[in-house]
Amino acid sequence: MSKRLANPTEDPLWLKLTLGIIAVGFIAIMLLLPLVLVFKEALASGVKTFFSAIVEPDTLAAVKLSLLAAAIAVPLNTVFGIAAAWSIAKFDFRGKTFLVTLIDLPFSVSPVVAGLVYVLVFGMQGWLGPTLAGYDIRILFSLPGIVLATIFVTFPFVARELIPLMVDQGRDEEEAAATLGASGFQTFLRVTLPNIKWGLLYGILLCNARALGEFGAVSVLSGHIRGQTNTMPLHVQLLYDNYDYAGAFAVAALLAMLALLTLALKSFLEWRYADELAASHRH
Amino acid sequence: MSAIGLKIPLPKSRHVLPGFGLSLGFTIFYLTSLVLIPLLALVLRPFELGLDGMWNAISTPRVMASLRLSFGMALAAAVIDSVFGFIIAWVLVRYRFPGKALLDAVIDLPFALPTAVAGIALSTLYAPTGWIGSILMEHGIKIAYTPWGVLVAMIFISLPFTVRTVQPVLSEIGRDMEEAAATLGATRLQSIGRVVLPMMLPAILTGAAMAFARAAGEYGSIIFIAGNIPAVSEIAPLLIVIKLEQYDYAGASAVGVVMLAASFIMLLALNGLQSWAAKRR
C-alpha cells in the first residue's frame, strides 16, 4: 500500500461527510420540502381541480394584473438602472458612493414600510391625496399604487447588477468610439450594450421575478378587491384565508414554476456567460 | 493636465463621453421622486404627534412586543443562517460531489419564490397536521402559530444572504495560510477555526447583517405561519398593516419610522463592514 501524502488543506473524510450531510439536510428540509409540498398540495385533488382553479376568472384577472404591473415597473427600473450605471461608471463626480448607497436603500426597507410611505403621500390623509382626489385621480387601491409598490421593491435590481459590471469594464471602449465620431446613442447601442447585455438580462430576470412575487408592499396599496386589484400573490392569500386550499396551492404552484424557471435561467446565465456578469455572480 | 507645461485647449465639456447630465439627472430625479420623497413623508409624519405622542404610540405593550419579536427573532435567524450558511458555502466551494450545481442553484429559491407561496407552504408544513409539524407534535413541540413559526419563516427567507456573501470570498482566498498552519502542526479543525474563520469574519458579518435586515422587515412569509396573536406572535410589519386598516396613520408611521431607522443603521453597518473588509485585504 503506497502511502500518499495527504493534501494538508483537504478535509478528512469524517469532516466532509458530517458537513456534507448537514448542508444537504438543511437545504432539503428548509428549502426543498416547502417547494415539494406546494406541488403536492396543488395536485392533491387531481390535475382537473388544479386546472379549473387556474382558469377561474378571478385567478386569471390576478395573473393579468400581476403581468401588467410587472410590464410597467420592470422597463422603468431597467431604464433607471441603465441611466444610473452609465452616470456612475462612465463619469467622476462627488457623492458617487452616497448615490450608490441610496440606490440600494429600497432593499433594506421592509416591504410594508415601502407600501406605507406611498399611503402617506397619496392617501386621503397624505400629502397629495386630497389634491389628486379633487382631479378624480386614484393612486391607492388601484393599478398605479400597485405599480408604485412594485417599482419601489424592485428598484435596485438592474442598477446594482450593471454598476459593478460597467465600472469593471471602464470607459476606454466608449471613449474610443466617441473619439472616432460616434454619437452618444451609437456608442451606447454598438459598444456598451453588447458588453453588458447578459448582465442586463440577469438584472431584468431578478427584477421581474420579484415584481411578480411581491406581496407586502402591494398588499398595503392594493385594497384586495377580488378580481380587480388582487395580484397573484394576494390572490393566494385570499384563497388560503377562505380555506380554498386547492385553489391557493394551484396559484402558488404557478408562481413556484415561475420561480423555478427564473432559477434555471439565472443558473444558465451564471454558467454560460460568467465572464460577462458582475464579478459577484461568477461561480 | 498642465503637468508637462503645455497649454492644451480644454473641450467645452469636461467629459469625453456624452450623456452625463441626462443620465445623472434622470437617476437623481427618479430616485428622489419614487424613493426619497416618499421616505421623507414617513420620516416627517410622526412629528405631527410630537416626540411625546410618538413615544406614546410606540411604548404600548403591543407595539413593544411586536418590535421585540421582529428584531429578536431576526437576530436569532441571522445567527442560525450564518452558521448553516457558512457550512453550506464551505461544502459548495471546497468539496466535489455529484449534484453540486443543482444544490447551488436551489440556494436562491427563497429569493425567487414569492413570499406568500413560501408562507402557505411553511404554514402547512409546520402545522400540527403537517409533514414536519406532526412529527414535532409527538415530542410536544409546536412551531406553527407560535413565535417559533416566525423564526422558521425568517430562517427560510434569509438563508441565501449568508451563503451568497460568504461563498465568493471563500472561493477567492488562497489556501497558503491553511497550508502554513498545517505545516506548523495545526489539526484540520484548528486551521479552519483559527485561520479560515478569522479571514472570513467580515463576509460572515456582512451576510448576517443582510439576513437580519431582511428578516426584521419580512412580512409575506411570516403572517401565514405566525398565527398573529397580539403581543405574542404578531410582527411589527403586520402591526403597521393593522394600524393602516384602522386609519391610524400616525400610529402606523411611528412603528414605520422605528423600522426605517433600523434599516438605516443596518445600511451604515454594512457600509462600515465593507470598508473594513476592503482594508483587511
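Residues numbered from 1 in each chain as written. Chains lettered and ligands numbered in written order. Predicted model: local features only at pLDDT ≥ 70, side-chain atom pairs only at ≥ 80, totals over all residues. Heavy atoms only, no water.

## Structural notes on the confidence of the model for chain B
Should the pLDDT be low somewhere, the predicted coordinates at that spot are not to be read in detail.
Logical step 1: With 95% of its residues at a pLDDT of 70 or more, chain B has an overall mean of 87.
Logical step 2: Interface predicted TM-score (ipTM) for the complex: 0.88; the corresponding pTM is 0.88. (pLDDT = per-residue confidence, 0-100.)

## What about the interface of chain B and chain A?
Logical step 1: Each side of the interface is counted separately: chain B has 88 residues, and chain A has 92 residues.
Logical step 2: Roughly 8,000 Å² is buried in total at the junction of chain B and chain A, and carbon and sulfur atoms are behind 80% of that figure.
Logical step 3: The largest share of the area that chain B buries against chain A comes from Leu17, Tyr30 and Trp131 of chain B, three residues that together contribute 9% of it.
Logical step 4: The tally of links from chain B across to chain A stands at 2 salt bridges.
Logical step 5: Notably, a salt bridge pairs Arg188 of chain B with Asp11 of chain A, separated by 2.5 Å at the nearest N-O pair.
Logical step 6: Taken together, the links from chain B to chain A amount to 12 residue pairs in polar contact (both at pLDDT 80 or more).
Logical step 7: Of the residues contributing to the side of chain B that touches chain A, the split by class is 64 nonpolar, 14 polar and 10 charged. (Contact = heavy atoms within 4.5 Å. Buried area = accessible area lost by both parts, 1.4 Å probe. Salt bridge = Lys/Arg side-chain N within 4 Å of Asp/Glu carboxyl O. Polar contact = N/O pair within 3.5 Å; in protein donor to acceptor, adjacent residues only side chain to side chain. Nonpolar A, V, L, I, M, F, W, Y, C, P; charged D, E, K, R; others polar.)

## A short note on the side chain of Ser23 of chain B
Logical step 1: Here Ser23 of chain B is to be found in helix α1 (residues 20–44).
Logical step 2: Among the residues examined, Ser23 of chain B registers a relative accessible area of 6% and is labelled buried.
Logical step 3: Apart from the residues lying within four places of it in its own chain, the contact partners of Ser23 of chain B are Ala83, Trp86 and Ser87 of chain A. (Helix = DSSP H or I, 4+ residues; strand = E, 2+ residues; numbered from the N terminus. Buried < 20%, exposed > 50% of the residue type's maximum accessible area, 1.4 Å probe, protein only.)

## Notes on the environment of Ile82 of chain A
Residue and element names in this part refer to chain A.
Logical step 1: Note that Ile82 resides in helix α3 (residues 57–90).
Logical step 2: Each C-alpha atom of the pair Ile82 and Ile163 lies 8.5 Å from the other, and the pair is 81 residues apart in sequence.
Logical step 3: In contact with Ile82, not counting residues within four places along its chain, are Leu162, Phe188 and Leu200.

## Thoughts on the packing of α3 of chain A against helix α8 (residues 157–169) of chain A
When two helices pack together, their arrangement is captured by the angle between the axes and the distance separating the axes.
Residues and elements named next belong to chain A.
Logical step 1: Where α3 meets α8, the closest approach of the two axes is 8 Å, and the angle between their N-to-C directions is 30°. Taken together, the axis directions place α3 and α8 in an arrangement best described as roughly parallel. Seen from above, α3 lies across α8 with right-handed handedness. For the pair α3 and α8, the contacting residues are Asn77, Thr78, Phe80, Gly81, Ile82, Ala85, Trp86, Ile88, Ala89 and Lys90 in the first and Val158, Ala159, Leu162, Ile163, Met166 and Val167 in the second. (Axes fitted to C-alpha atoms, helices over the stretch in contact; angles between N-to-C directions. Parallel < 35°, antiparallel > 145°, perpendicular 65-115°, else oblique. Left-handed = near helix turned anticlockwise from the far one by under 90°.)

## Focus on the pattern of salt bridges
Residue and element names in this part refer to chain B.
Logical step 1: With the rule as written, the count across this model stands at 16 salt bridges over all chains.
Logical step 2: Between Lys243 and Asp248 there is a salt bridge; the shortest N-O distance is 3.7 Å.
Logical step 3: The buried category is assigned to Lys243, whose relative accessible area is 15%.
Logical step 4: The partly exposed category is assigned to Asp248, whose relative accessible area is 29%.

## A closer look at a nonpolar patch on the surface
Logical step 1: Together, Trp127 and Leu128 of chain A together with Ile37, Leu40, Val43, Leu44 and Phe47 of chain B line one region of the surface with nonpolar side chains, adding up to about 640 Å² of accessible area.
Logical step 2: Assignment of secondary structure puts Ile37 of chain B in helix α1.
Logical step 3: Overall, the relative accessible area of 38% leaves Ile37 of chain B in the partly exposed class. (Patch = residues over 30% accessible without salt bridge, like charges linked within 9 Å, V, L, I, M, F, W, Y side chains within 5 Å. Areas by Shrake-Rupley, 256 points an atom, 1.4 Å probe, with all protein chains shown as cover.)

## With respect to the packing of aromatic side chains
Logical step 1: Per the counting criterion, the structure on display carries 23 aromatic pairs over all chains.
Logical step 2: Relative to Phe20 of chain B, the ring of Phe93 of chain A has its centre 5.7 Å away and its plane inclined at 50°; by these criteria the two rings are tilted. A residue pair is termed interchain when its members come from two chains, as with Phe93 of chain A in the loop between α3 and α4 (96–108) and Phe20 of chain B in helix α1.
Logical step 3: The exposure class assigned to Phe20 of chain B is buried, which follows from its relative accessible area of 18%. (Phe/Tyr/Trp six-rings, centres within 6.5 Å; stacked < 30°, edge-to-face > 60°.)

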